[in-house]
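Working through the structure, step by step
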Amino acid sequence: MLKVGISGYQIWYHSIVFAEELQKSKTMKVVSVYDTNERFAERLGEAAGGAKVFTDIDMFIDSGLDIVIMAGLPSTKLAEIRKYAAAGIHILIDKPVATTSADALEIANVCRKANVKAMVGYNLHSAQTLQQAHDILREGKLGKPVYAIFEYDGPMLQETEWSTKPGWLMDPKENMSYWFIHVDHGIDALMWLLDAKYSDVYAQLTNMVHPEISNNTDWGVGLFTMDNGVKAILKCDGIAPSPFEILSLRIVCEDGALVFDYFPSPKLQVSGNKLTWGKVWEYECQDDLRNGMAKMAERFASYILEDKPVPKYESVEIAGYRLLRTAEAAHQSNDENRQVKINYEV
C-alpha cells in the first residue's frame, strides 16, 4: 500500500476531502500531514483519521512517503517540490501548480531530472460526464469543433473553514486573481477535450467587489482562438452567490454539439445527425467533488504502481506551465487592451 502525505491546508475544500476520502482507499494510506501552521496541520491530521502531524517539512519527508498530495499555497509549491523530488517522492499537485508559468516550468524540470512522477490535479478530468464528452469528441462523428463557451461563476473560497474572509487569495505574493481560480478549469478542460493549444486572446477583466485590491480581478471574459481554429469564450467570476453558481460548457461542432452542466447535478446532452440521428442523448452521472478528488488520487496511484507515464493533459508541462502561460496572456491582454498572441516556447 502506498504511503501518502498531505501537504498544505490552504486549499482546504480539496485537502480535507483528500484526507477524508483516502481513508476508504485500498491502494493508499495517508500516514502523515504537514502545514507550517499548527492548527491547520492538526485539522488535516484529524481529517485523515489520526495521521502523524508535522509542522517541519524535513521531518514530514522523513516520515516515509511514496506520494505527497499538495494542496497548500501556490507560492510555496516550487520550494517544497525541490525537497520532495530530491527525496524521490512522487507528487500530486492540486491546482494551481504555482503562481507563475516560469515556476511551473521549473517544477516540471525538477521532477523530470529527479525521475519522479508529477501530476496536476484538475478534478473535472475525473467527471464521468466529461470523460464521455472527451470520448465522443475523439470519435469524430460530431465533426470538426468550431466554437466553445465555458462559464464558471460562484462564491470564492474563504480563508479557512472557520472564517469568511477571502484570505490568501488576496495576498499579492500569491498572484492569484479570483477570475483565474475559476477560469483555469476552462483553460484546462478545453485543451484536454479538444486536444489543442491556445493561439491568442482578447480579455477584459475587472474587479467588481474588491476595487481596493489592485492585484485582483473577480470577473472576466476572454475570447480565445485555439490552434485547431476553435473560437472559445471563457467567462468566469468569483462573486456570484451560491444559489446562482454555474459551471457549464458548450462545444459546437460542424455536425453536432454537446452541452455539459455541473449544477444542480452533472449532466451531458449530445446531439448530431451522424451520431444521435437528430435526437438528443442525455447522460447523467453521480459526479461530485468528493468522488472526483478520490478518483484523481487513485488514478495517480495507478501510474506509480503500474509504472505508467502521467498522461499529457495531466502533466505539469501542459496543465501547469501551458495553462498558467495562457492565463498570463489574458491578464496581459486586459492590461494592454489588445489581442495578445500566446507563445509557449521556452
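In case you missed it, the structure is sitting above this.
Residues numbered from 1 in each chain as written. Predicted model: local features only at pLDDT ≥ 70, side-chain atom pairs only at ≥ 80, totals over all residues. Heavy atoms only, no water.

Another point: the packing of helix 4 (residues 77-86) against helix 5 (residues 101-114). The description of two packed helices rests on the angle between their axes and on the distance between the axes. Across the interface, helix 4 lies against helix 5 with an axial gap of 9 Å and an inter-helix angle of 5°. In terms of their interaxial angle, helix 4 and helix 5 are classed as roughly parallel. Seen from helix 4, the contacting residues are L78, I81, R82 and A85; seen from helix 5, they are D103, E106, I107, V110, C111 and A114. Per-class residue counts for the contact of helix 4 with helix 5 are seven nonpolar, no polar and three charged. (Axes fitted to C-alpha atoms, helices over the stretch in contact; angles between N-to-C directions. Helix = DSSP H or I, 4+ residues; strand = E, 2+ residues; numbered from the N terminus. Parallel < 35°, antiparallel > 145°, perpendicular 65-115°, else oblique. Contact = heavy atoms within 4.5 Å. Nonpolar A, V, L, I, M, F, W, Y, C, P; charged D, E, K, R; others polar.)

Packing of helix 1 (residues 12-21) against helix 9 (residues 289-305) brings their axes to within 9 Å, and their N-to-C directions diverge by 70°. By the angle class used here, helix 1 and helix 9 are roughly perpendicular. As helix 1 packs across helix 9, the resulting crossing turns out to be right-handed. Contacts from Y13, H14, V17, F18, E20 and E21 in helix 1 reach L289, R290, M293, A294, M296 and A297 in helix 9. Along the lines of polarity and charge, the residues of the contact of helix 1 with helix 9 split into eight nonpolar, one polar and three charged. (Left-handed = near helix turned anticlockwise from the far one by under 90°.)

Moving on to unusual backbone geometry. Most peptide bonds take the trans form, and the phi angle of most residues other than glycine is negative. Omega for the bond connecting K95 with P96 falls within 30 degrees of zero, at -5°, which places this linkage in the cis form. Residue position: P96 is located in the loop between strand 5 (90-94) and helix 5. The amide bond that connects F263 to the next residue, P264, takes the cis arrangement and shows omega of 0°. You can see P264 is positioned in the loop between strand 12 (256-261) and strand 13 (267-271). The phi angle at N115 is positive, at roughly 60°, despite the residue not being glycine. Considering the arrangement of structural elements, one finds N115 in the loop between helix 5 and strand 6 (118-121). Here N337, not a glycine, exhibits a phi torsion of approximately 50°, which is positive. Looking at where N337 falls in the secondary structure, it is placed in the loop between helix 10 (316-336) and strand 15 (340-341). A residue is classified by how much of its surface remains accessible, and N337, at 53% relative accessible area, is exposed. (Buried < 20%, exposed > 50% of the residue type's maximum accessible area, 1.4 Å probe, protein only.)

Take the sheet that holds strand 14 (residues 280-284) next. As summarised here, the arrangement of the nine strands in space is 14-13-12-11-7-10-9-8-15, forming an open sheet in which the pairing is mixed. Strand pairing shows two members of the sheet lacking a second neighbour, strand 14 and strand 15, which therefore form its edges. By the bridge criterion, eight bridges tie strand 7 (residues 145-153) to strand 11 (residues 246-253) in an arrangement that is antiparallel. Directly across from P145, in strand 11, lies its bridge partner C253. Strands strand 7, strand 8 (198-206), strand 9 (219-226), strand 10 (231-237) and strand 11 of the sheet are contacted by helix 7 (residues 178-194), whose axis makes an angle of about 155° with strand 10. Strands strand 8, strand 9 and strand 15 of the sheet are contacted by helix 10, whose axis makes an angle of about 55° with strand 8. (Pairing = 2+ DSSP bridges.)

It is worth spelling out the pattern of salt bridges at this point. Within the structure shown, the criterion is met by 19 salt bridges. In this structure, D261 and R250 form a salt bridge, with 3.1 Å as the shortest nitrogen-oxygen distance. One end of the pair, D261, is in strand 12; the other, R250, is in strand 11, and 11 residues separate them in sequence. Look at R250 and you get partly exposed, because its relative accessible area is 27%. R338 is paired through a salt bridge with E336; the nearest N and O atoms lie 2.5 Å apart. Several salt bridges share partner residues, and in doing so they unite E20, E21, K24 and R290 into one network. (Salt bridge = Lys/Arg side-chain N within 4 Å of Asp/Glu carboxyl O.)

Ordered by their spatial adjacency, six strands build an open sheet running 3-2-1-4-5-6, and the pairing between neighbours is parallel. Across the chains shown, the open sheet's two edge strands, defined by having one partner strand only, are strand 3 (52-54) and strand 6. Averaged over all pairs of adjacent strands, the angle between their axes in this sheet comes to 25°, without regard to strand direction. Set on the sheet, helix 9 makes contact with strand 1 (2-7), strand 2 (28-34), strand 4 (67-70), strand 5 and strand 6; between it and strand 5 the angle comes to about 155°.

Compared with the 16 Å implied by 1.5 Å per residue over 12 residues, the 16 Å span of helix 6 (residues 128-139) between its first and last C-alpha is a close match. Regarding helix 6, the residues found buried are T129, L130, A133, H134, I136 and L137. Angularly, the buried residues of helix 6 cover 165° about the axis, an arc narrow enough to put them on a single face. Those residues of helix 6 that are buried lie in contact with helix 7, strand 11, strand 12, strand 13, helix 8 (273-276) and strand 14. Phi turns positive, to about 85°, at G140, one or two residues after helix 6. (Expected span 1.5 Å × (residues − 1). Arc of directions from axis to C-beta.)

A general feature of soluble globular proteins is that nonpolar side chains tend to end up buried together. Y84, L190, Y198 and I251 are the most contacted members of the largest nonpolar core, which totals 123 residues. When sequence neighbours within four positions are dropped, the list of residues in contact with L190 reads A148, D195, Y198, M226, A232, L234, L249 and I251. (Core = buried A, V, L, I, M, F, W, Y, C linked by side-chain atoms within 4.5 Å.)

The subject of this paragraph is the pairing of strand 2. Extensive coverage of strand 2 is indicated by the burial of six of its seven residues. In this structure, strand 1 lies alongside strand 2, joined through six bridges in parallel fashion. When the bridges of strand 2 are listed, K3 appears paired with K29. Chirality of the crossover, the property in question, places the unit of strand 1, helix 1 and strand 2 among those that are right-handed. Relative to strand 3, strand 2 is paired through three bridges, and the arrangement is parallel. Bridge pairing links Y34 to F54 in strand 3. After leaving strand 2, the chain enters helix 2 (residues 38-47) and then returns to the sheet as strand 3, a path that is right-handed. (Right-handed = clockwise from strand over helix to strand, strands pointing away.)

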